[in-house]
Amino acid sequence: MKNTFGNVLTVTLFGESHGEAIGAVIDGIAPGVKIDKDYIDTKMALRRPSGKISTARSEKDEIVFESGVYEGHTTGTPICMVIKNADTHSSDYSSLAGKARPGHADFPAFCKYHGFEDARGGGHFSGRITAALVAAGAIVQSALKEKGIAIGTHISRLAGISDDKMNPAEDVEKLENMEFPLVDRSLEEKMKAAIMQARVEGDSVGGILETAVVGMPAGVGEPWFDTVEGLLSHALFSVPAVKGVEFGDGFALADMRGSESNDAYRVDESGRIITETNSNGGIGGGITNGQPIVFRCAVKPTPSIVKKQDTVDFVNVCNTEIAIKGRHDPCIVHRARAVVDAVTALTLADMLSLRFGTDWLAR
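Just so it is clear, the structure is predicted and the values come from calculations on it, not from any experiment.

Quick word on the overall build of the chain
Now for step 1: Each helix and strand counted, the chain has eight helices and 18 strands in total.
Now for step 2: Against the globule reference of 21 Å for 363 residues, the chain gives a C-alpha radius of gyration of 21 Å, in line with a compact fold.
Now for step 3: The dimensions of the chain, computed from C-alpha atoms along their principal axes, are 65 × 50 × 40 Å.
Now for step 4: Looking at the chain as a whole, 50% of its 363 residues are labelled buried.
Now for step 5: Relative to all contacts within the chain whose residues are 6 or more apart in sequence, the contacts with residues 24 or more apart total 72%.
Now for step 6: For the chain, the exposed area adds up to about 17,000 Å²; of that, 52% sits on carbon and sulfur atoms.

Dropping the structure here:
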């Protein structure tokens, strides 16, 4: 199993949903990066369940640094972070043993690990593991902010309800720590009502997250196999429930002419080279061009639903039905936003370290 991501700055995930603990190891991070506990706690809170629109599972998510941190700063050696699990209800899953939950990894995991996998709560495939990913990303995201690089995400669409278009230069800072991130705040109650309606009906909803990164220098990335789009997509598709990624105008580019989709270059009043439009999402030839990096992620509806569904018992090899009980989110779009921000920060920090050296983050 490949649980490590990155080339120079790497993150390794470990643990299971109902195991003793989950955690992450960050290697290759510069010495002297400040560990901002308040900043990390803010990011963890954005991922944590919130009211009836989320799961009832409540974890404190207290992070213990086992290594790599001394007197509030990174030492440059591997950082090992451990987050204990406490609020586990493993009995909720006893009736599901051997049954493939539609939309989940149960059957593929059984095929790969021959029945030795920890299936409780989804085991290592659970969204619970993203808590460690958010913690790791928060350390790097805080360091990127010190370098003038900011990441912001909003709910572009949820349950068919669309938010206003984001203006990266104006909206990124406002969106970064917003609990339910929207450009048009008046849509919040309408979206939450749609989530609650799905919950009442024993169902779930999905949506689209749009992310922008401002402040990235031009010239970061590699052509062909390690493009900015390629590496970000690799990381983003590791986020549970993300099933589509597009950059800039994405698939809409297919219906444009070149005269529409090309981003014309100009020199602004300060002598800086910019583009008049940003249809290509701040990337050319796989390399940043200094404009905001913009991309969208399609987040599927939460697969755990109360409605009765057809499935199979893959141990006894027979058809059966399933009705999933327990504590589940009717929507994870708003919570997934913190995970998307985290993997974006980790990916870009890795690319920046490759370009400018591992000490760049702390300079």
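Quick notes on the pairing of strand β8 (residues 150-158)
Two faces make up the sheet, and in a regular strand the side chains alternate between them.
Now for step 1: Counting buried positions along β8 yields eight of nine residues, so the element is predominantly enclosed.
Now for step 2: Relative to strand β10 (residues 207-214), β8 runs antiparallel, the two being bridged by eight bridges. Looking across to β10, one finds that Ile151 is bridged to Val213.
Now for step 3: Counting the residues between successive antiparallel strands, the hairpin from β8 to strand β9 (residues 161-162) contains two residues, one of them, Ala159, with a positive phi of roughly 55°.

Section: the nonpolar core
Now for step 1: In this structure, Ile29, Met81, Leu144, Leu158, Ile293 and Leu361 are the most contacted members of the largest nonpolar core, which totals 80 residues.
Now for step 2: Examining the composition of this core, we find that 13 residues originate from one element, helix α8 (residues 333-356), more than from any other.
Now for step 3: Residues Ala150, Met166, Ala212 and Val214 belong to the second largest nonpolar core, which totals eight residues.

Points about helix α4 (residues 168-175)
Now for step 1: Within α4, the full set of buried residues consists of Pro168, Asp171, Val172 and Leu175. All buried residues of α4 lie within an arc of 110° about the axis, which places them on one face of the element. Turned more than 90 degrees away from the buried face of α4 sit Ala169, Glu170, Glu173 and Lys174, all of them exposed.
Now for step 2: Those residues of α4 that are buried lie in contact with β8, β10, β16 (293-299) and α8.

Structural notes on the sheet that holds β8
Now for step 1: Spatially, five strands are ordered β9-β8-β10-β16-β11 in an open sheet, and the strand pairing comes out antiparallel. Across the chains shown, the open sheet's two edge strands, defined by having one partner strand only, are β9 and β11 (242-247).
Now for step 2: Its contacts with the sheet put helix α6 (residues 228-236) on β11 and β16, and the angle it makes with β11 is roughly 160°.

Side note on the pattern of salt bridges
Now for step 1: Per the counting criterion, the structure on display carries 19 salt bridges.
Now for step 2: Among the ionic pairs, Arg337 bridges to Asp341, the shortest N-O distance being 3.7 Å. Of this pair, Arg337 and Asp341 both sit in helix α8, four residues apart, which is roughly one turn of that helix. This pair shows no difference in class: Arg337 is buried, exactly as Asp341 is.
Now for step 3: Residues participating in the shared-partner salt-bridge network are Lys43, Lys145, Glu173 and Glu176.

Considering the packing of helix α1 (residues 37-47) against helix α3 (residues 130-146)
The packing of two helices is summarised by the inter-axis angle and the distance between the axes.
Now for step 1: Interhelical geometry of α1 versus α3 gives an angle of 135° and a closest axis separation of 9 Å. Here α1 is positioned oblique relative to α3, judged by the angle of their axes. Between α1 and α3 the crossing geometry is right-handed. Note on element contacts: α3 touches α1 through Thr130, Ala131, Val134, Ala135, Ala138, Ile139, Gln141, Ser142 and Lys145, opposite Tyr39, Ile40, Lys43, Met44 and Arg47.
Now for step 2: Grouping the amino acids of the contact of α1 with α3 by side-chain chemistry returns eight nonpolar, three polar and three charged.

Side note on a nonpolar patch on the surface
Now for step 1: The grouping of Tyr265, Val267 and Ile273 at the surface amounts to a nonpolar patch, some 340 Å² of accessible area in total.
Now for step 2: Looking at the element boundaries, Ile273 is found in strand β13 (residues 273-275).
Now for step 3: On the accessibility criterion, Ile273 (53% relative accessible area) is exposed.

Let's talk about the sheet that holds strand β7 (residues 79-84)
Now for step 1: The strand order β1-β2-β3-β7-β4 describes an open sheet built from five strands, whose pairing is antiparallel. Each of the sheet's edge strands pairs with one partner strand only, and the pair in question is β1 (4-5) and β4 (63-67).
Now for step 2: Inspection of the sheet shows β4 paired to β7 by four bridges, in the antiparallel sense. Within β7, the position partnered with Val64 by the bridge is Val82.

The rules behind the values
- Within every chain, residues take consecutive numbers counted from 1 along the sequence as written.
- It should be noted that, the model being predicted, local features are given only for residues of pLDDT at least 70 and side-chain atom pairs only at 80 or more, the latter also being counted only at that level, while totals for whole chains, interfaces and linings use all residues.
- For side-chain calculations, the full set of non-hydrogen atoms in the structure is used, while hydrogens and water are omitted.
- For the purposes of this entry, the term helix denotes a DSSP run of H or I that reaches at least four residues, the term strand denotes a run of E that reaches at least two, and both are numbered from the N terminus.
- Atoms counted for the radius of gyration: C-alpha only. Globule rule: 2.2 Å times residue count to the power 0.38.
- For the exposure calls, accessible area comes from a 1.4 Å probe over protein chains only, and a residue counts as buried if that area is under 20% of its type's maximum, exposed if over 50%, partly exposed in between.
- Two residues qualify as a contact provided that any one of their heavy atoms is within 4.5 Å of a heavy atom in the partner residue.
- The accessible surface values rely on the Shrake-Rupley method and a 1.4 Å probe; as for residues, cover is taken only from the protein chains in view.
- What makes two strands pair is DSSP finding at least two bridges between them.
- What is meant by a nonpolar core is a set of buried Ala, Val, Leu, Ile, Met, Phe, Trp, Tyr and Cys residues, joined one to another through side-chain atoms within 4.5 Å.
- This arc describes the spread of directions from the helix axis toward the C-beta atoms.
- Comment: axis = line fitted to C-alpha atoms, over the contacting stretch for helices; angle = value between 0 and 180 degrees taken between N-to-C directions.
- The salt bridge definition used is simple: a Lys or Arg side-chain nitrogen within 4 Å of an Asp or Glu carboxyl oxygen.
- Here is the rule for angles: anything less than 35 degrees is roughly parallel, anything more than 145 is roughly antiparallel, 65 through 115 is roughly perpendicular, and the remaining ranges are oblique.
- By the definition used in this description, the sense in which the near helix is turned from the far one sets the handedness, with an anticlockwise turn below a right angle giving left-handed and a clockwise turn giving right-handed.
- Charged residues are taken to be Asp, Glu, Lys and Arg, nonpolar residues to be Ala, Val, Leu, Ile, Met, Phe, Trp, Tyr, Cys and Pro, and polar residues to be all remaining types, Gly included.
- A residue counts toward a patch only above 30% relative accessible area and without a salt bridge, and it is joined to like-charged neighbours within 9 Å or, for Val, Leu, Ile, Met, Phe, Trp and Tyr, to nonpolar neighbours within 5 Å.

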